[in-house]
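Secondary and tertiary structure notes
Chain by chain, the residues run as shown.
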Amino acid sequence: MLCDNISTNREGHLTFAGMDTVSLAEKYGTPLYLMDENKIREHMREYKTAMEKYFPEGSVPEFASKAFSTKQIYRIASEEGIDIDAVSQGEIYTALKSGFPMERCFFHGNNKTDGDIRFAIESGVGYFVIDNEDELLALDIISGEMGIKQKSILRLSPGIDPHTHKKISTGSVESKFGVAIETGQALELTEKALKCENIELLGFHCHVGSQIFESEPFITAADIMFSFIAEAKNKLNFNAKMLNLGGGFGVRYTENDPLIDYGEKIGEVAAVLDDKCNKYGISLPKIMLEPGRSVIADAGMTLYTVGSVKEIKGYKNYVSIDGGMTDNPRYALYEAEYTVEIANKMNAEKNFVATVAGRCCESGDLIGEDFKMVKPQRGDILAVMTTGAYNHSMASNYNRVPRPPVVMLKNGKDYLAVKRESLEDILRLDV
Ligand SMILES: *Cc1c(COP(=O)(O)O)cnc(C)c1O
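Residues numbered from 1 in each chain as written. Predicted model: local features only at pLDDT ≥ 70, side-chain atom pairs only at ≥ 80, totals over all residues. Heavy atoms only, no water.

Describing empty space enclosed by the protein
A full pass over the atoms with the stated rule returns one cavity of 30 Å³ or more. Taken as a whole, the largest cavity holds about 30 Å³ of empty space. Taken together, L2, C3, N5, I6, F16, D298, G300, M385 and T386 make up the full set of residues lining the largest cavity. Within the lining of the largest cavity, the residues separate by chemical class into five nonpolar, three polar and one charged. (1 Å grid on protein atoms, 1.4 Å probe; cavity = no way out; pocket = protein on both sides within 12 Å on 5 of 7 lines; lining within 4 Å. Points joined across faces, edges and corners; volume = space filled by probe spheres on them. Nonpolar A, V, L, I, M, F, W, Y, C, P; charged D, E, K, R; others polar.)

Structural data, given as structure tokens:
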């Protein structure tokens with residue numbers, strides 16, 4: 001199986017976090033997002049423990065909210081003692097209302113409006129990750145008006161390509177995020193930030209991309225960032241106290257993806273940091289990482305009910321489900337790969353090849369193509385694995401389809417974390 005929280009029980013039903021998915025589909029209806037709370041906590045601890053072990057004191061993981069943002073995830077992050085990233089008023093508000101200690105929140109984004117900046121400061125956000133000069137100047141003015149000195153780090157683009165999908169590669173010079181080191185603009189921005197009276201500059205940030213399985217891109221990024229930190233020290237007399245190396249460790253969506261031990265990867269990165277700092281003559285700053293998908297993806301599974309099964313003779317087969325791009329747009333966005341199972345027929349033979357199609361009026365509304373699966377019938381339960389990240393958080397109401405609920409599973413018990421949207425919810429804002 002893909003992950004150790006997936007199995008088959010005596011009835012031949014798929015289980016997730018030890019619970020029968022067919023019974024859960026009956027109890028809550030479909031489509032349904034399931035989340036394995038213990039798996040989320042396990043990943044958070046894996047990161048926290050490894051970072052405490054290998055990195056300087058105060059180094060902590062930040063959970064990248066955009067992967068999955070609900071009140072319950074912030075309560076869990078708070079209990080586990082990890083920090084969070086947020087990129088919008090909505091994510092900040094959700095964290096705030098969950099009771100998350102906002103001084104442990106990093107505010108990201110390449111276009112924070114004046115309204116966003118004020119809202120974040122009023123919400124007590126701990127750190128700004130400043131993306132560009134316009135933002136720096138706006139933040140300095142607004143912080144001044146609000147009578148605070150805002151702790152911040154600068155987002156830089158280290159100019160590396162981690163060999164991942166173009167839309168999830170973010171560290172290259174021409175990326176929309178951050179300020180380029182290569183062009184000299186990063187040093188200029190650092191100099192300007194140091195002159196801002198209402199900004200306390202603590203260090204730098206970079207994020208090279210997502211779905212990375214090697215430690216090498218992080219090591220390359222650290223090397224480039226240390227070299228820059230040394231330059232800032234020598235030319236501007238600035239000692240960076242914090243370096244954020246971003247998120248992006250990969251997860252196993254199919255059996256072709258490796259299973260990776262995040263603690264081990266962090267150890268590999270850490271092993272070379274001291275030498276690199278010595279090489280550049282700087283002291284090792286606090287290291288932050290901000291994993292999203294690797295904390296939450298394999299803690300999620302989506303259940304659907306199969307509708308029509310269409311065989312286009314001599315061409316291809318379609319299995320249609322009662323959800324699709326509205327609850328999981330990742331195939332439509334970047335042809336993301338998944339693994340599917342027919343949850344109530346786990347012991348039957350997989351002798352059918354089909355495309356799994358969503359219900360929207362869009363040919364591109366697919367979960368994936370050419371899955372080898374048990375041939376399903378109308379009414380069967382189809383499960384898509386590894387949907388914890390960028391599914392619920394990217395869901396929409398296209399075609400006025402209500403969004404599914406999120407049910408958390410913990411120690412053999414299930415509880416609702418997000419309710420199913422109703423048709424009345426769909427109309428809530430219509431005048
Ligand atoms: C998306 C993103 C992350 C998280 O990426 P994952 O691949 O989900 O780990 C972290 N930091 C920043 C700045 C991001 O944009």
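Let's talk about the nonpolar core
I40, F204, M373 and L382 are the most contacted members of the largest nonpolar core, which has 107 residues in total. Top contributing element to this core by residue count: helix α8 (residues 216-236), with 11 residues. Lining this core are residues from two domains, each supplying at least three of them: domain 1 (6-36 + 298-427) and domain 2 (108-291). With residues near it in sequence (within four places) discarded, M373 still touches V319, V340, I342, E349, K350, N351, F352, A354, V356 and L382. Core analysis: the second largest hydrophobic core is formed by 20 residues, L14, I381, M385 and V407 among them. (Core = buried A, V, L, I, M, F, W, Y, C linked by side-chain atoms within 4.5 Å. Buried < 20%, exposed > 50% of the residue type's maximum accessible area, 1.4 Å probe, protein only. Helix = DSSP H or I, 4+ residues; strand = E, 2+ residues; numbered from the N terminus. Domains from an automatic or database assignment. Contact = heavy atoms within 4.5 Å.)

What to know about the site of the ligand
Surveying the vicinity of the ligand reveals 14 residues, the closest of which are K66, S210, E290, R293 and Y390. Between the ligand and the protein, one listed contact pairs an oxygen atom with a side-chain N or O atom of S210 at 2.4 Å. Within the backbone of G292, an N or O atom sits 2.8 Å from an oxygen atom of the ligand. Coverage of the ligand by the protein amounts to 93% of the 390 Å² it exposes when considered alone. Looking at the shell around the ligand, its residues break down into three nonpolar, seven polar and four charged. (Near = heavy atom within 4 Å. Polar contact = N/O pair within 3.5 Å; in protein donor to acceptor, adjacent residues only side chain to side chain. Areas by Shrake-Rupley, 256 points an atom, 1.4 Å probe, with all protein chains shown as cover.)

So, the sheet that holds strand β1 (residues 6-8)
Taken in spatial order, the three strands of this open sheet run β1-β2-β3, and their pairing is antiparallel. This sheet does not close on itself; its edge strands, each paired only once, are β1 and β3 (19-20). With two bridges joining them, strand β2 (residues 14-16) and β3 adopt antiparallel strand pairing. The partner of T15 across the bridge, within β3, is D20. (Pairing = 2+ DSSP bridges.)

Remarks on the state of the cysteines
Taken as a whole, this structure holds zero disulfides when the rule is applied. In this structure C206 is a free cysteine whose sulfur lies 13 Å from that of C277, the closest cysteine sulfur available. By relative accessible area, which is 0% here, C206 ends up buried. Cysteine C360 is unpaired, with the sulfur of C361 as its nearest cysteine sulfur at 7.1 Å. (Disulfide = S-S within 2.5 Å.)

Quick notes on the packing of aromatic side chains
Ring pairs (aromatic) are described by centroid distance and by the angle formed between their planes. Per the counting criterion, the structure on display carries 10 aromatic pairs. Between F106 and Y127, the aromatic rings sit 4.4 Å apart at their centres with planes inclined by 10°, giving stacked as the arrangement. Here F106 is found in strand β7 (residues 105-107), whereas its partner Y127 is found in strand β8 (residues 127-130), with 21 residues between them in sequence. The two residues F106 and Y127 agree in class, both being buried. Here the aromatic rings of F249 and Y262 are separated by 6.0 Å at their centres, their planes lie at 45°, and the arrangement is tilted. Highlighted residues: F249 in the loop between β12 (242-244) and α9 (262-280) and Y262 in helix α9, separated in sequence by 13 residues. The class for F249 is buried, based on a relative accessible area of 3%. What makes Y262 buried here is its relative accessible area of 5%. An aromatic cluster of at least three residues, connected via ring pairs, comprises Y47, F218, F249 and Y262. Here K112 stacks its cationic end above the ring of F107, 5.4 Å away from the centre of that ring. The ring centre of Y127 lies 5.4 Å from the NZ or CZ of K151, which sits over that ring. (Phe/Tyr/Trp six-rings, centres within 6.5 Å; stacked < 30°, edge-to-face > 60°. Lys NZ or Arg CZ within 6 Å of the ring centre and 35° of its normal.)

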